[in-house]
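# Coordinate analysis (summary)
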Amino acid sequence: MAVMDQHITPPGAITRIAVLLERERKTRFSGGKLGYLWAYITPTVWIGLIVALFWFLERTPPIHVGTEIFIATGVLPYLIFRQTVTSLSRTLNAHRYMRYIRPVSSNDILSATMLLESFNVLTTSALIFGAVTILFGSQLPVSMSGVFFFLSLSWLIGCGVGRFVAMAGLLSDAFARAVPLILRPFFWLSGIFYTATDLSKQAQDLLWYSPFLHVTELVRESYFIGYTSPIATIWYPVAVASGFYLASIPIEIFATRRRLMRGRL
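Residues numbered from 1 in each chain as written. Predicted model: local features only at pLDDT ≥ 70, side-chain atom pairs only at ≥ 80, totals over all residues. Heavy atoms only, no water.

## Considering the pattern of salt bridges
According to the stated counting rule, one finds three salt bridges in the structure shown. D173 is the partner of R177 in a salt bridge, and the nearest nitrogen-oxygen pair spans 2.6 Å. One end of the pair, R177, and the other, D173, are both in helix α6 (residues 173–183), four residues apart, so they sit about a helical turn from each other. On the accessibility criterion, D173 (46% relative accessible area) is partly exposed. Here D205 ties to K201 by a salt bridge, and the two come within 2.9 Å at their closest N and O atoms. With D205 and K201 both in helix α7 (residues 201–207) and four residues apart, this pair spans about one turn of that helix. (Salt bridge = Lys/Arg side-chain N within 4 Å of Asp/Glu carboxyl O. Helix = DSSP H or I, 4+ residues; strand = E, 2+ residues; numbered from the N terminus. Buried < 20%, exposed > 50% of the residue type's maximum accessible area, 1.4 Å probe, protein only.)

## Remarks on the nonpolar core
The biggest cluster of nonpolar side chains holds 47 residues, and the ones touching the most others in it are I50, I69, I71 and F129. Of all the secondary structure elements, the ones that give two or more residues to this core are α2 (34–56), α3 (67–94), α4 (106–136), α5 (144–171), α6 and α8 (211–223). Considering every element that reaches this core, the biggest residue donor is α3, with 11 residues. Once residues within four sequence positions are removed from consideration, F129 is found in contact with I69, A72, T73, L76, V147, L151 and Y223. (Core = buried A, V, L, I, M, F, W, Y, C linked by side-chain atoms within 4.5 Å. Contact = heavy atoms within 4.5 Å.)

## Details of unusual backbone geometry
In this structure, E58 is a non-glycine residue whose phi angle is positive, near 55°. Accessibility expressed as a relative area gives 72% for E58, which makes it exposed.

Structure representation (structure tokens):
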């Protein structure tokens, strides 16, 4: 009986990413059913603590809406961005052995993580907005599609910045470790506690360069009837996300070539 060599066709990019996505999901949310809930517990706790702080300080939102929904529309864009960056910055190290299996690439691993985060973004936002509406009788958004579209801008910025951080982390572990510290000030620049209309003209001109404030303002424009931001634009967050994403490509090429030269691929 003749033995014939069989040619095994490597899986396509879509199949590879699907397999990596499932692996990422199981790895990140291991530890039983409660593991899946952590993706939703964290933003809920953040929103609850800030709402409690507003109540304790007897502070009211600068626009005529409920405190709970005002805080939710501010916290979610920032948390979506931060969680996406954090996940992407860790995923290459978490799946470092997968990069030795051809034709799996760093881009495949990062793409799988991005897709998983996009699912988390939609699910978390829907659950939190739904819960706030039911529990506190908050108004429904003026444009539901607009709210989710502009929340996706936070995810898009997170993908661009996260990919840049992941690739730069291959060259410098110190840089990767410093990223959480670098991101912390943006919590105060995201419009969580205020709106752009409350700021002076000088402050508006300065904070215009924070893409997160643009996103928060756009989300609130879509959620609250009658609210119009004096500074929000769509193109600026998209430009920031695209800029970081494109900047990550030459870093990826350099890091790959360095691994080849060291015989580590």
